[in-house]
Amino acid sequence: LEQCREIVRKFNNIYGETIMINTKGEFIGGYFHDVITNVRINEIEATTICLKDVKAKRVSGENVVIESGCIIDVVEYSNKLDISSKAEVKKIIKL
């Protein structure tokens, strides 16, 4: 039986127009390989943001979606915010 590798990705700051992060494992020959189980980011800033299974200190955007598995210290948004019941957001700021 082949072993999976757990990968932790760390980023300082990510800026852009649209940012979507959804961690997935790669399914090859009946086995998952290189399973990214943890993405850590200091700050994300964009117009549209959609995150799943991400840990971040600060997320700021116009339209923000926080899906399951996220742990976010502060979310700032100006238009729309959607937070999964399976995510944790410590502080929400409406801009």
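Just so it is clear, the model here is predicted, and its values are computed rather than measured.

### Looking at unusual backbone geometry
Part 1 of the argument: In this structure, D53 is a non-glycine residue whose phi angle is positive, near 60°.
Part 2 of the argument: The residue D53 is located in the loop between β4 (35-52) and β5 (54-66) in this model.

### Brief notes about the nonpolar core
Part 1 of the argument: Counting 19 residues, the largest nonpolar core has I21, I44, L51, V54, V59, I66 and I72 as its most contacted members.
Part 2 of the argument: Put simply, the parts of the chain that give this core at least two residues each are β1 (6-22), β4, β5 and β6 (71-83).
Part 3 of the argument: If we ignore the near neighbours within four places in the chain, the residues touching L51 are I21, I44, V59, V65, I66, E67, C70 and I72.

### Some points on the pattern of salt bridges
Part 1 of the argument: Summed over all chains, the structure comprises four salt bridges.
Part 2 of the argument: Between E76 and R58 there is a salt bridge whose closest N-O contact spans 2.9 Å. Linking E76 in strand β6 with R58 in strand β5, this pair joins segments that are 18 residues apart in sequence.
Part 3 of the argument: Judged by relative accessible area, E76 falls into the buried class, the value being 15%.

Thresholds applied
Residues numbered from 1 in each chain as written. Predicted model: local features only at pLDDT ≥ 70, side-chain atom pairs only at ≥ 80, totals over all residues. Heavy atoms only, no water. Helix = DSSP H or I, 4+ residues; strand = E, 2+ residues; numbered from the N terminus. Core = buried A, V, L, I, M, F, W, Y, C linked by side-chain atoms within 4.5 Å. Buried < 20%, exposed > 50% of the residue type's maximum accessible area, 1.4 Å probe, protein only. Contact = heavy atoms within 4.5 Å. Salt bridge = Lys/Arg side-chain N within 4 Å of Asp/Glu carboxyl O.

Note that every value here comes from positions in space, so none of it alone points to a role or purpose.
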